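Here's the letter readout for the chains.
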Amino acid sequence: MTLDNHYSGSALLTDLYQLTMAYGYWKSGKGEEQAVFNLYFRKHPFQGGFTISCGLESVVHYLENYSFSESDIAYLASLTGADGQPLFESGFLEYLRELKFSCDLDAIPEGTLVFPDEPLIRVTGPVIQCQLLETALLNIVNFESLIATKAARIRLVAPEDTLLEFGLRRAQGPDGGITASRAAYIGGFDGTSNVFAGRKFNIPVKGTHAHSWVMSFPSEKEAFEAYAAHMPNNVILLVDTYDTLKGVKNAIEVGRELKKNNHRLLGVRLDSGDLAYLSIESRKLLDDNGFTDTSIVASNDLDEYIIKSLKEQGARIDAWGVGTRLVTAYDQPALGGVYKLSALKKSDGTWDYKLKLSEQMVKVSTPGVLQVRRFSKNGVFVADMIFNQEDEWEGETRMIHPYDFTKQQSFGPGYSFEDLLVPIFRNGGLVAELPGITDIKERAARQLKSIYEGTLRFTNPHTYHVGLEKHLFDLKTRLIMEKRAGK
Ligand SMILES: Nc1ncnc2c1ncn2[C@@H]1O[C@H](COP(=O)(O)OP(=O)(O)OP(=O)(O)O)[C@@H](O)[C@H]1O
Ligand SMILES: O=P(O)(O)OC[C@H]1O[C@H](OP(=O)(O)OP(=O)(O)O)[C@H](O)[C@@H]1O
Ligand SMILES: O=C(O)c1cccnc1
Ligand SMILES: [Mg+2]
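Residues numbered from 1 in each chain as written. Chains lettered and ligands numbered in written order. Predicted model: local features only at pLDDT ≥ 70, side-chain atom pairs only at ≥ 80, totals over all residues. Heavy atoms only, no water.

## Observations regarding the pairing of strand E1 (residues 34-40)
Successive side chains on a regular strand alternate, one facing one side of the sheet and the next facing the other. When you tally the buried positions in E1, you get 6 out of 7 residues, the bulk of the element. Of the strand pairs in this sheet, E1 and strand E5 (residues 121-126) are connected by 6 bridges, and their pairing is antiparallel. Within E5, the residue paired with Val36 across the bridge is Thr124. Where E1 meets strand E12 (residues 338-345), 6 bridges bridge the pair, whose relative direction is antiparallel. (Buried < 20%, exposed > 50% of the residue type's maximum accessible area, 1.4 Å probe, protein only. Helix = DSSP H or I, 4+ residues; strand = E, 2+ residues; numbered from the N terminus. Pairing = 2+ DSSP bridges.)

See below:
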């Protein structure tokens, strides 16, 4: 476990502008003002209708080790401005050297279905710290949520099959590969070929062999025999190096020998050609020779669309090895999460609510100390309501569509609800117990079963309702009007 991930808690994992703003806050004596920032995204990835939250554990580990080391400070001291003079004065660097993470952080647990505009993470604390954290939090949550969502989409098209993540060789660097393996497992995969991630996160590791193994022997048959002799308890043979169906026949012969010795041919792997045709023909050959319990594994540039199509074609594939298109989120390489200021505490202790204007309504940020309330009926999620935790109201709860006030919904006693953001840090101290990876994975699977199916379809998915609680809607509307009026 010595792979150096270069950053492990380093507060330099940020954009320079966060530091120049931090310097400005410090110089103007505003640094300790209490602020609220929210991390959210505006649109689901892959033109889908859902996203799975992921990355909180990495965020926690990052924040637990958060600091500017002596060498970080020395580096910052070496930075100069346009006049060649130091960018930051020494008093500020001294301040950073002493800086300890002291914010409150609330977050939606990993493995939860999340929707546009909902805060996944809310940070409350000194504005300097909140600001400095923006880049690292987005970096972590955007990527891991993206990959967990991609994995969940693949699980949806192959609910009963074995799904193996084979992406390390094509991932976006070692850290991308390692975190992708974890996110893929949470999203619904059964195992990974990535041994480092397997050990680090307790994910089952699985694998077959490559073409090079076959090519290194005079014949395919000899390669299979040698593999079976050396590893009789883990024999999955890659059959497409020369001629796939001849390869299956060779595998069957080796399988007979294995049987004689009380072992089993666990599977064959197809890695090229028409996977529907070849899997159907391979299945026939295996079944006709008594290998009904030998699995067929397929790989080769797979994704949810190809797997769905192969299933529609009647492919007889039991296990799927998916690499490149999963771990790079090939068709959408980034989730567009953002991190925005929504409130600053005034000297009298009340909140000054903040909002960013935009010509596009979807880009106008939401003010408040935000929380998300998920309403359910008979165990099915009905809608999510974003509200300002500081507001209190009596009687029925009214939710308004964020961009169309004619669309409103009320929630009375017939609904159960859960507030999704839970305390993770208080005054910089960890107050939550982090769930194990299996619990997170099971949560994701349960969540996907608790929502109207149409939300999960790939083409023009049903839009799950997310709205603003009426008082929050009114606050946002008032602030938009005030800002437009130039206040
Ligand atoms: N029956 C099928 N329907 C839809 N897509 C398929 C089917 N069979 C295979 N595919 C996919 O089509 C693509 C085929 O890739 P490509 O054209 O590179 O062929 P290949 O089989 O890898 O060729 P090669 O023999 O050169 O390795 C892969 O993404 C594979 O998953
Ligand atoms: O296709 P992916 O989803 O990324 O899955 C992993 C791929 O990696 C391996 O071969 P590699 O691609 O290295 O070589 P090949 O394409 O020549 O088989 C494996 O045989 C898969 O094809
Ligand atoms: O075990 C395998 O078959 C495997 C592992 C990584 C990439 N491709 C295939
Ligand atoms: Mg390939």
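Having put the structure on the table, let's press on.
## Describing the site of ligand 1
Around ligand 1, a shell composed of Ser272, Gly273, Asp274, Leu275, Ala276, Asn300, Asp301, Leu302, Ile306, Leu310 and Gln313 is seen. Contacts to ligand 1 include Gly273, whose backbone N or O atom sits 2.5 Å from an oxygen atom. One nitrogen or oxygen atom from the main chain of Leu275 is found 2.9 Å from a nitrogen atom belonging to ligand 1. Summarising the interface, the protein chains cover 53% of the accessible area of ligand 1, which totals 650 Å² for the free molecule. Mapped onto the shell around ligand 1, the elements with two or more residues apiece are helix H11 (275-288) and helix H12 (304-312). Taken together, the residues of the shell around ligand 1 sort by class into 5 nonpolar, 4 polar and 2 charged. (Near = heavy atom within 4 Å. Polar contact = N/O pair within 3.5 Å; in protein donor to acceptor, adjacent residues only side chain to side chain. Areas by Shrake-Rupley, 256 points an atom, 1.4 Å probe, with all protein chains shown as cover. Nonpolar A, V, L, I, M, F, W, Y, C, P; charged D, E, K, R; others polar.)

## Description of the pattern of salt bridges
Tallied over the entire structure, the rule returns 30 salt bridges. For Glu89, the salt bridge identified is with Lys27, shortest N-O distance 2.7 Å. Residue Glu89 is located in the loop between helix H3 (70-78) and helix H4 (90-98), and its partner Lys27 is located in helix H1 (residues 16-27); the two are separated by 62 residues in the primary sequence. The class of Glu89 is partly exposed, set by a relative accessible area of 33%. In this structure, a network of salt bridges that share partners links the residues Glu57, Glu110, Glu144 and Arg182. (Salt bridge = Lys/Arg side-chain N within 4 Å of Asp/Glu carboxyl O.)

## With respect to the confidence of the model for the protein
Per-chain confidence: the protein averages 97 in pLDDT, with 99% of residues scoring 70 or above. In the predicted assembly, ipTM is 0.97 and pTM is 0.97. (pLDDT = per-residue confidence, 0-100.)

## Some points on the sheet that holds E12
By definition, the strands of a sheet pair up through backbone hydrogen bonds, in either a parallel or an antiparallel sense. If you trace the 7 strands from one edge of the open sheet to the other, you get E13-E12-E1-E5-E3-E19-E20, paired in antiparallel fashion. Two strands lie at the open edges of the sheet, namely strand E13 (351-353) and strand E20 (429-430), each paired on one side alone. Where strand E19 (residues 422-426) and E20 come together, 2 bridges link them in antiparallel fashion. Each residue of the ladder has a partner; that of Arg426, found in E20, is Gly429. Docked against the sheet, helix H2 (residues 56-64) engages strand E3 (104-107), E5, E19 and E20, running at close to 15° with respect to E19. (Contact = heavy atoms within 4.5 Å. Axes fitted to C-alpha atoms, helices over the stretch in contact; angles between N-to-C directions.)

## Some points on H11
End to end, H11 covers 19 Å across 14 residues, agreeing with the expected 20 Å (1.5 Å per residue, within 8%). For H11, the set of buried residues is Leu275, Ala276, Leu278, Ser279, Ser282, Arg283 and Leu286. Viewed end-on, H11 has its buried residues packed into an arc of 165°, placing them on one side of the element. Lining the buried residues of H11 we find helix H10 (244-260), strand E9 (267-270), strand E10 (295-299) and H12. Where H11 ends, the next residue or the one after it, Gly290, has phi of about 85°, a positive value. (Expected span 1.5 Å × (residues − 1). Arc of directions from axis to C-beta.)

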